[in-house]
Amino acid sequence: KLEALMPVLGVRVNATVQSLRRFSLLGFLRRRLERRTVGELVRRLKIRAPSLEQPVQFLSGGNQQKVAVARTFLREPAVILAYEPTQGVDVGSRFDIYEALRSRADAGAALLVKSSDPLELSGLCDRVLVMSRGQVVEEIPGDELDERRIVEAIVRGPGLSKAGRSPLGAAMPTRASGGAAT
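Given the structure is predicted, the values throughout are model-derived calculations rather than measurements.

Caption draft 1: Region of the structure containing a positive patch on the surface. Together, Arg-30, Arg-32, Arg-35 and Arg-36 make up a region of like positive charge exposed at the surface. Here Arg-35 lies in helix α2 (residues 31–45).

Caption draft 2: Examining α2 more closely. Here α2 contains 15 residues, and its C-alpha end-to-end distance of 21 Å stays within 8% of the 21 Å for a straight helix at 1.5 Å per residue. Lys-46 sits one or two residues past α2 and shows a positive phi near 60°.

Caption draft 3: A look at the pattern of salt bridges. Using the criterion set out here, one finds 16 salt bridges in the structure. Notably, a salt bridge pairs Glu-34 with Arg-12, separated by 3.0 Å at the nearest N-O pair. Taken together, the positions of Glu-34 in helix α2 and Arg-12 in helix α1 (residues 11–16) put the pair 22 residues apart, joining distant regions of the chain. Overall, Glu-34 belongs to the buried group, its relative accessible area being 1%. Two residues, Asp-117 and Arg-94, come together in a salt bridge whose shortest N-O distance is 2.5 Å. Pair noted here: Asp-117 is in the loop between β4 (110–114) and α5 (118–124) and Arg-94 is in helix α4 (residues 91–106), with a separation of 23 residues, a long-range link. A residue is classified by how much of its surface remains accessible, and Arg-94, at 21% relative accessible area, is partly exposed. One connected set of salt bridges, linked through shared partners, spans Lys-46, Arg-48, Lys-66, Asp-96 and Glu-99.

Calculation rules
Residues numbered from 1 in each chain as written. Predicted model: local features only at pLDDT ≥ 70, side-chain atom pairs only at ≥ 80, totals over all residues. Heavy atoms only, no water. Patch = residues over 30% accessible without salt bridge, like charges linked within 9 Å, V, L, I, M, F, W, Y side chains within 5 Å. Areas by Shrake-Rupley, 256 points an atom, 1.4 Å probe, with all protein chains shown as cover. Salt bridge = Lys/Arg side-chain N within 4 Å of Asp/Glu carboxyl O. Lys, Arg positive; Asp, Glu negative; His and termini not counted. Charge placed at Lys NZ, Arg CZ, Asp CG, Glu CD. Helix = DSSP H or I, 4+ residues; strand = E, 2+ residues; numbered from the N terminus. Expected span 1.5 Å × (residues − 1). Buried < 20%, exposed > 50% of the residue type's maximum accessible area, 1.4 Å probe, protein only.

What follows is the structure, encoded as structure tokens:
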């Protein structure tokens, strides 16, 4: 919140501050083009604000997050690094952000997500790398990707094999089909 936004400035300014060159001609800002472009992005991201000039400090956390996402989208990056993209936002905003990130990925942008939310990872990613102490301990390909599989990889940690055995060879508990530990 403190690093991504300028709270006292409006939605329009926060969205376009890094891409003003896109809206200028011979050194003059083309406000009509800027408003139209930001307006379309606000509708697409479902940002709830009474106007484009509404200071972002008066928006909900989810809408503030979507304004930060809008700024990124206006730059049309080839790679998006999303660090906990929906942390602390409501369910509706979470879905809107997922949809927006997925649409950028579908348009050709590479999307790298760092998240502690297995549900978020399973919904956004084509593959997941589980890391511990700076090392990749498991890679989960898209065809195996779901929330349960991610949690199992996290819980298993770096000391266990996929077969559930510790480095010393002792069998570790596995899950029964009903989800209870045996």
